[in-house]
Amino acid sequence: MIYLSYKQTGIDPKQLEKELKFIKNKLEAAGHKVFIYYFEENSQLPPNELNKEFLQNIQKSEIVLAYINYPEKSEWQLLELGMAYALKKKIIILVNRKV
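Residue positions are given per chain, counting from 1 as you read along its sequence in written order. pLDDT decides what is reported in this predicted model: residues at 70 or higher carry local features, side-chain atom pairs at 80 or more are listed and counted, and totals for whole chains, interfaces and linings draw on all residues regardless. With hydrogens and water excluded, all non-hydrogen atoms of the structure serve as input to the side-chain values.

**Digging into the sheet that holds strand β2 (residues 34-35)**
Filter applied, for reference: DSSP-based pairing: two strands are paired if at least 2 bridges between them are found. Where helices and strands are cited, they refer to DSSP runs of H or I of at least four residues and of E of at least two residues respectively, numbered from the N terminus. A contact between two residues is defined here by any heavy atoms of the two lying within 4.5 Å. Here an axis means a line fitted to C-alpha atoms, over the contact stretch when the element is a helix, while the angle between two N-to-C directions is reported on a 0 to 180 degree scale.
Read across the open sheet, the four strands follow the order β2-β1-β3-β4; overall the sheet is parallel. Two strands lie at the open edges of the sheet, namely β2 and β4 (90-95), each paired on one side alone. Relative to β4, strand β3 (residues 63-68) is paired through six bridges, and the arrangement is parallel. Within β4, the position partnered with Y67 by the bridge is L94. Relative to the sheet, helix α3 (residues 75-86) contacts β1 (2-6), β3 and β4, its axis offset from that of β3 by approximately 155 degrees.

Listed below in structure tokens is the structure:
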């Protein structure tokens with residue numbers, strides 16, 4: 001499974017959804033299972049539950065794909081990447097050309 005990490009705060013929701021769907025479709029067409037929290041039913045969990053949810057899905061993943069979609073850093077994305085690094089997951093960086 002590929003876990004997609006991205007910045008959400010301060011991003012236009014319609015543009016973000018469009019970009020995430022594009023990435024998801026490309027990866028699934030190549031035969032990968034993709035986890036994107038944005039599309040999950042429980043995406044409104046309180047922060048302490050979010051940490052558990054992120055960690056569980058990062059643990060299940062083989063790869064963490066860090067989508068850099070905004071020039072400002074994302075604290076959540078840094079947390080996700082720190083978890084992935086600590087778990088020795090493969091991390092791939094994908095940077096939007098507009099950044």
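**Quick word on the packing of aromatic side chains**
Applicable threshold: Between the rings of Phe, Tyr and Trp (Trp by its six-membered ring), a pair exists once the centres lie within 6.5 Å; its type follows the angle of the planes, with under 30 degrees stacked, over 60 edge-to-face, and the other angles tilted. For the exposure calls, accessible area comes from a 1.4 Å probe over protein chains only, and a residue counts as buried if that area is under 20% of its type's maximum, exposed if over 50%, partly exposed in between.
This structure, assessed with the given rule, holds three aromatic pairs. For the pair Y3 and F35, a centre-to-centre distance of 5.5 Å together with 20 degrees between the ring planes defines the contact as stacked. Here Y3, found in strand β1, pairs with F35, found in strand β2; they are 32 residues apart in sequence, far enough to count as distant. The exposure class assigned to Y3 is buried, which follows from its relative accessible area of 1%. Classification of F35 by relative accessible area gives buried; the value is 7%. Measuring from centroid to centroid gives 6.4 Å for F35 and Y37, while their planes differ by 45 degrees, and the two rings are tilted.

By themselves, these are just geometric observations and shouldn't be taken as functional.
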